[in-house]
Every structure is written in C-alpha cells, then in structure tokens.
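Breakdown of the fold
Listed below, chain by chain, are the residues.
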Amino acid sequence: MIIEKLSKHYDGKKVLNSVSFEIPKKSVISMIGPNGAGKSTVLNIISRLMAQDEGVVNFEGKNIKKYKSNELSKRLAILTQTNNVQMKLTVRELVSFGRFPYSGNRLTEEDKKMVDKAISYMELNDFEDRFIDELSGGQRQRAYIAMVIAQNTEYVMLDEPTNNLDIYHATNMMKIVRKLCDELGKTVILVLHEINYAAFYSDYICAMKNGQIAKFGTVKEVINKETLSEIYNVDFEILEIQGKPLSIYY
Amino acid sequence: MQSIAKRNNTNKFIVLTFMAIIAVITYMLIDLNFENSRLLSFAMKIRFPKLIVMIIVSISIGGASIIFQSVINNRIVTPCLLGMNSLYSLIHTAVVFFAGSASIIATNSNLSFAFDLILMAVVATTIYSYLFKKTKHNVLYVLLIGTVLTSLFTSIQTTLTRIMDPNEYDTLLSSLVASFNNINTEIIIFSIILLVLLAYALRKELALLDVITLGKAQAINLGVDYDVCIRKLLLGVTLCIAIATAMVGPISFLGLIIANLSRQLFKTYRHTHLILGSTLFGIIVLIGGQIIVEHVYTYSMPISVFITVGGGIYFLYLLLTNRRV
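Okay, so let's go over this structure.

Rules used in this analysis
- Residues numbered from 1 in each chain as written.
- Chains lettered and ligands numbered in written order.
- Predicted model: local features only at pLDDT ≥ 70, side-chain atom pairs only at ≥ 80, totals over all residues.
- Helix = DSSP H or I, 4+ residues; strand = E, 2+ residues; numbered from the N terminus.
- Rg over C-alpha atoms; globule rule 2.2 N^0.38 Å.
- Core = buried A, V, L, I, M, F, W, Y, C linked by C-beta atoms within 7 Å.
- Buried ≥ 20, exposed ≤ 12 C-beta atoms within 10 Å, placed from the backbone.
- Contact = placed C-beta atoms within 7 Å.
- Pairing = 2+ DSSP bridges.
- Axes fitted to C-alpha atoms, helices over the stretch in contact; angles between N-to-C directions.

1. Observations regarding the overall build of chain B
A count of helices and strands for chain B gives 14 helices and zero strands. Mapped from its N terminus to its C terminus, chain B presents α and β elements in the order α-α-α-α-α-α-α-α-α-α-α-α-α-α. The C-alpha radius of gyration of chain B comes to 20 Å, within 12% of the 20 Å expected for a compact globule of 325 residues. Counting only C-alpha atoms, chain B reaches 60 × 50 × 35 Å along its principal axes.

What follows is the structure, encoded as structure tokens:
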C-alpha cells in the first residue's frame, strides 16, 4: 500500500499536509504522535472511511477509490474507537458479521467454521452467547477483533485499540496484534498513544506531527531521544530492555 | 443456547400472529346481525375497507419506524416525532392552496396523492438527510430540531388554511383531518401497489439493514455503500409515512410504541423479525383500539387519544430506562 501526498482540510484548517509513505507488507506499523497530529485521519483515509482532499492511496497497484466497496471489505478491515451497538447482539452474531462481505446474511458451512475459528482464536468460547452490551470493555474489544479475524483480510487497521483498557487488557491486546501479524500473516496498522507499546510490539513506526510525517522507519530509527523530544516537545530518556528501546518522559 | 433463543422467537411470533388474527376476526364479527343479510353486508362494507387501511398503516408505520431507528442508530426516535407527518399535511394543504380545490390535482384523489408523494419524497429527503449530516447524527439535536420543525410545518399549514377561501378549506378539511372513522379509502389500491413496489425496489438495502445497525464505520468496513444506501432507505421511510398519514392522518406515537415493543420482545438484530413483529403489534394495537373506540366508547373518543396518552407514557418510560440515549 503506497500513500501519496494526502492532504485534508477541516473548515479551512489543514489537518493533513502532503503525507506520503509506504506500508511494508506483513508487519506491524504503529502511528504515534501528539493529539491532533492527524494519525486517525490518515487511518480513516487509507481505510476509505473518509475522503481526502488531495493525494492518492494506492492499494495493491490500484487507486483505492477504484475498488468496489465489497471487494475492499474482503482485503482490508478497520476497527474504529467508537463501537456502540444499540442492538441486542451476541458475541457469535457479531463475529458472524465478519463473514458478511462473503456471504451476505446467509452463512455457509465454511463461514461457520471461520467464525468458530475466530471465536476460539480470541478465546471467546465461554461468552459466545452473551450480549455485547453486557461485556466488559476488554471482552468487547476482543469480540470486535474476532470479527475482524473472521473477515479474513490481508490488512487490519486499528484505531487506538488499547484505549480505555487497563494495562492487563492493553498488553493482551498488543500481544494479539503481534499474533495477527506473526501467526496469521496480516499487515496491521494501528494508531497508538503509548509510545512504549509501539516500541515493543511494532516493526515500523510512523511518527506524525502537525499533519505531516515527522519520521517513518524501524523502531530503532524512530524511538530515540532527539526524534521523540522534537515530536512531543517533552524531554525523553531512552533505556533498553530486552533489546527494545523503552522511553521515559518527564 | 442459540437454538433455544430462536425457538423462543418462533413461539413469540406464533402467539403474536394468533393475537393479530383474533383481533381481526373480533373486529369483523363483533355485534353483527346475522339474520338480516342487508345489515350484514352493510356492516361488512364499512368494516372491510377500514380493516385493510389499518393493516396497511401498520405495515407502513411499523416498517418505517424500525428502518428509521436503525438508520440513525437510536431507538427512541421515530419519523413522526421528527415531523414527517406534519410535513405531509403541509404539502397536502399547499397543493390545494396553490392549485385550487377545483383543479384536477385536487379533485382526483389518486392523482393528488401521487403529486403529494413526489413532493414529499423530494422535500423530506432533502431536509432530513441535510439535518442528519449537519448534526453528525447527534440524536438530541435531531430530536430538538425535529420538534421545532413539527411546529414550523404545522404553523405554516394553519396559516395557509386561515387565508384560504372558505369553500376550498371545506373540501380540504375532509382529506386533512383523516382519522380511523374518516379514512381515505380511495387510495387503498394505489397504496398497496406502492408498498409492494417499495419493498421490491429496496430489497437490497433492506438486506443491508442488519449491517447498518453496527454503525457507519463498521458498515463501510463490511462493504456497504453507506451514503447511497441510507438515502434510499430514508426515501422509503418518507413514502411509507406519507402513505400512512394520507390514509388516517398523523398518529405520532404509534411507530414508537410498536417498534419498541417489537425490539423488546424479540431482542434480536434481524430486521425481518423486527419489522414483522412491529407490523403485528401495529395490527393488534390499532384494531384492538378501534374495537374499544367503536364498541366501548361508541365513537366518543378517537383512537389517537389512546395512542397519544399510552405512547407518551411509554416514551417517558423509554427515556428513563434507556441509559444510553
């Protein structure tokens, strides 16, 4: 996936200014940066939830706008932060929606197997018949991830998947992200606020500031004192734990 | 466990259908004089069209309310609460006002209905889709603006009737304050055809309703062409409300009651179930209410009084119990 010169305005204010980068396949890419840097906007544009004012998103050799929405939904999945469902929906029913791009409302035997697999992959077997609105935040998040797994796409995009989760659930979520890439061979692109999660679990980091890419590169290239201090305007110390950089800010 | 829930829902459907059939039979047969065949056929001639109208109204309001709630992802809002039926009354009045009651548009009831529908479709979809976009689907704003719009449409409409020629007003009145005792039977066939056509034209979008309730982002993620789909569904809702209003006048709370009863009873996301359930509830409430109006209160109270009182209380109950409004 190649992103070329994306720009976006809101009410005359420029939120994205000529953003270009290339997403390497089968890796975890984290987008970090201060609030309002445009991380979520980029994620929304490359997942077709939002239209850009200028620039092109080139998805597997073709402009993303040229794809049919249904075709894209088999290759690219997005999970946003706000997922409140007003319906009475059980976990299994939610996960089954992941098969909608393939079979519509009628699930085939193969779809059911995929749903079963996704549910056990996320260890949701115990609550597959519980209603979504009766689950805790962490369980609900896992149910949505299971749906994305059932959707079986090459690309998975997550907008702040650790938001509102405690450290136990947030760490689990990051391990799942890693597994999505290592075991299922997916390309995972996520927006993160916790720099250390990004440093520990990603292959590449895309740091943004003021609607522009401040730095894109491997974890070691981005997580260093100079770059982070410049992006966040905060003093940083970088330690090393298990061969990965750990940042301390104060 | 899932199969138990499914079986439960089937049982509920059987009970509900059974109740609806009982209501229909009671309505048709109550207080009938079987010895005098002329009286019998007279009673049938009055009751049968009314029955058909009530069923059509149940289908259009029940369907429209469920679809509308799913589209804007909130279960306490119905198209009527946003003033769609006052808009229809306004359009109908305006047509008579500007074309004159003697014109061909006003005298032929099917033609006038068709003309109203076209206007309604254009105006309502423009206003409401703009409204949703502008408020970014913020339900409280939508409700507030909807209430204001209701009064606005009603005031314009009353103003038009005040400055109208008294004779014109007289002809208009009978078609304007329709109720179940004064139904518009001339457009029954036209309405049935229209409903069937609508269901056929929107069959693809109706199948997408289950996914749409997951929210805009999820719907797009799962491959729904969201904006086009929503626009089509809103158009369908508008036309359904227009049909119901043209036949029996505005009954604001009916949609709210039957849609929520259906949601409460079936606890499912499947819209085929929800729409069917809400239609059945509509038939039970309307026909049951009409039996009470005709045989207990002997026409001294219109059914809209019951619906408004009952619906108002139910609306409050929903507001107080639904934490995530």
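2. Some thoughts on the nonpolar core
Within the largest apolar cluster, 154 residues are counted, with the highest numbers of intra-cluster contacts made by Val 95, Ala 146 and Val 177 of chain A. Sequence-distant contacts of Ala 146 of chain A, that is, excluding residues within four places in its chain, are made with Val 95, Ala 118, Ile 119, Tyr 121, Met 122 and Leu 124 of chain A.

3. A short note on the pairing of strand E3 (residues 28–32) of chain A
Residues and elements named next belong to chain A. Extensive coverage of E3 is indicated by the burial of five of its five residues. Of the two faces of E3, both are covered, the one formed by Val 28, Ser 30 and Ile 32 as well as the one formed by Ile 29 and Met 31. The pairing of E3 with strand E8 (residues 187–191) spans four bridges and is parallel. The residue of E8 that forms the bridge with Val 28 is Val 188. Bridge analysis of E3 against strand E9 (residues 204–209) gives four bridges, and the strand direction is parallel. Pairing of Ile 29 across the sheet is with Tyr 204, part of E9.

4. A short note on the interface of chain A and chain B
Counting residues at the interface gives 23 residues for chain A and 21 residues for chain B. Within the residue set of the side of chain A that touches chain B, elements represented by two or more residues are helix H2 (69–72), strand E6 (76–79), helix H3 (91–97) and helix H4 (100–103) of chain A.

5. Some remarks on the environment of Val 71 of chain B
Residue and element names in this part refer to chain B. In this structure, Val 71 sits in helix H2 (residues 37–71). C-beta crowding within 10 Å serves as the criterion here: with 24 such atoms nearby, Val 71 is assigned to the buried category. Ignoring sequence-local partners within four residues, the contact set of Val 71 consists of Ile 212, Ile 230, Leu 233 and Leu 234.

6. Digging into the environment of Lys 112 of chain A
Relative to the assigned elements, Lys 112 of chain A resides in helix H5 (residues 109–121). For the pair Lys 112 of chain A and Ala 150 of chain A, spaced 38 residues apart in sequence, the C-alpha to C-alpha distance is 9.4 Å.

7. Some words on the sheet that holds strand E7 (residues 155–159) of chain A
Paired through their backbone hydrogen bonds, the strands of a sheet run either parallel or antiparallel. All names here are of chain A. Spatial strand order, E6-E7-E8-E3-E9-E10: six strands in an open sheet with mixed pairing. A single partner strand is all that each edge strand has here, and the edge strands are E6 and strand E10 (212–218). Direction aside, the axes of adjacent strands within the sheet are offset by 15° on average.

8. A short note on the sheet that holds strand E4 (residues 54–59) of chain A
Pairing in this open sheet of four strands is antiparallel, and the strands run E2-E1-E4-E5 (chain A) from one edge to the other. Both edges of this open sheet fall to strand E2 (13–22) and strand E5 (62–63) of chain A, since each of them pairs with a single strand only.

9. Considerations on helix H1 (residues 39–46) of chain A
Since the α-helix packs 3.6 residues into each turn, any two residues three or four apart lie on the same face. Residues and elements named next belong to chain A. Counting buried residues in H1 gives seven out of eight residues, a clear majority hidden from the surface. For H1, the complete set of buried residues consists of Lys 39, Thr 41, Val 42, Leu 43, Asn 44, Ile 45 and Ile 46. Arg 48 sits one or two positions beyond H1 and adopts a positive phi of about 65°.

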